[in-house]
Amino acid sequence: VQLQASGGGLVQAGGSLRLSCAASGRTFSTYGMAWFRQAPGKEREFVAQIDSTGGRTYYKDSVKGRFTISRDNAKNTMYLQMNSLKPEDTAVYYCAGSLRCAYYCNPSREEYIYWGQGTLVTVSS
């Protein structure tokens, strides 16, 4: 599976962005997917995950109520709708996928096998 993240950009605090992650291959619908992010000088951290059907989602506490993860298996695409953005959301956002996360897995980068190249989100104050 190859993943391609897009949709990043520069936005003012309080604004919104929608990230997309396009996947190649015919097995996308069997993979659990997630978004991670990495701010300058910091470790890559979990943001949100979604199971293979889109029926279950999990979020990092600091983004609950502001971010929504979703997927469209017919389009082989996952999304991250980000609202009420804050300067501390500034980071490179990565999408990731793994067959072993089809139902759920720990919110850890070690659980995910496939990674996109990242898309930069910059939130100005």
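Placed above this text is the structure.
A short tour of the structure in this document, coming up. (Residues numbered from 1 in each chain as written. Predicted model: local features only at pLDDT ≥ 70, side-chain atom pairs only at ≥ 80, totals over all residues. Heavy atoms only, no water.)

**Some words on the pattern of salt bridges**
Oppositely charged side chains may form a pair once their charged atoms are brought near each other. Heads up, the rule is: A carboxyl oxygen of Asp or Glu within 4 Å of a side-chain nitrogen of Lys or Arg is what we treat as a salt bridge. A 1.4 Å probe rolled over the protein chains alone gives each residue an accessible area, and that area as a share of the maximum for its type sets the label: buried under 20%, exposed over 50%, partly exposed in between. Per the convention used, a helix needs a DSSP run of H or I reaching at least four residues, while a strand needs a run of E reaching at least two, with both numbered from the N terminus.
Taken as a whole and assessed by the stated rule, the structure comprises seven salt bridges. Among the ionic pairs, E45 bridges to R37, the shortest N-O distance being 2.7 Å. On the basis of relative accessible area, E45 is assigned to the partly exposed category, the value being 27%. The salt bridge involving E111 is made with R100; its shortest N-O contact spans 3.2 Å. Of this pair, E111 sits in the loop between β9 (91-98) and β10 (114-115) while R100 sits in the loop between β9 and β10, and the two are eleven residues apart along the sequence. Each of R37, E45, K60, R66 and D89 takes part in one network of salt bridges that share partners.

**Digging into the state of the cysteines**
This is how the line gets drawn: Whenever a pair of cysteine sulfur atoms sits within 2.5 Å, that pair is classed as a disulfide.
Applying the stated criterion across every chain yields a total of two disulfides. Sulfur-sulfur distance for the disulfide between C21 and C95 comes to 2.2 Å. Measuring the twist about the S-S bond at about 70°, one finds the C21-C95 disulfide to be right-handed. Here the residue C21 occupies a position in strand β3 (residues 17-23), and C95 occupies one in strand β9, the gap between them amounting to 74 residues. Grouping residues by exposure puts C21 and C95 together as buried. Disulfide partners in the chain, listed by the sequence order of the bonded cysteines, are 1-2, 3-4.

**Side note on the nonpolar core**
Grouped burial of nonpolar side chains is what soluble globular proteins tend to show. The criterion, for reference: Note on terminology: a nonpolar core comprises buried Ala, Val, Leu, Ile, Met, Phe, Trp, Tyr and Cys residues joined through side-chain atoms within 4.5 Å. The contact criterion used throughout is that any non-hydrogen atoms of two residues lie within 4.5 Å.
Formed by 28 residues in total, the largest nonpolar core has its most connected members in W35, M78, L80, M82 and Y93. Taken together, the elements giving at least two residues each to this core come down to β1 (3-6), β3, β4 (32-38), β5 (45-50), β7 (67-72), β8 (77-82), β9 and β11 (119-124). Top element by residues in this core is β3. It accounts for four residues. Dropping the residues within four chain positions of it, Y93 is found in contact with A5, L19, W35, F36, R37, V47, F67, L80, M82, G118, T119 and V121. Membership of the second largest hydrophobic core comes to seven residues, among which are A34, F36, F46 and Y112.

**With respect to the sheet that holds β3**
Formally: Strands qualify as paired when DSSP identifies two bridges or more between them. Think of each axis as a best-fit line through the C-alpha atoms, taken over the contacting stretch in the case of a helix, with angles from 0 to 180 degrees between the N-to-C directions.
Pairing is antiparallel in the open sheet, where four strands are placed in the order β1-β3-β8-β7. The strands lining the two open edges of the sheet, one partner per strand, are β1 and β7. With strand direction ignored, the average angle separating the axes of adjacent strands in the sheet is 15°. As paired elements, β1 and β3 share four bridges and run antiparallel to each other. When the bridges of β3 are listed, Q4 appears paired with A22.

**Quick notes on unusual backbone geometry**
Notably, N76 is not glycine yet its phi reads approximately 55°, a positive angle. By secondary structure assignment, the location of N76 is in the loop between β7 and β8. You can call N76 buried: its relative accessible area is 18%. Of note in the backbone geometry, S84 takes a positive phi value of approximately 50° without being a glycine. Here S84 lies in the loop between β8 and β9.

Shape descriptors only; they carry no functional weight alone.
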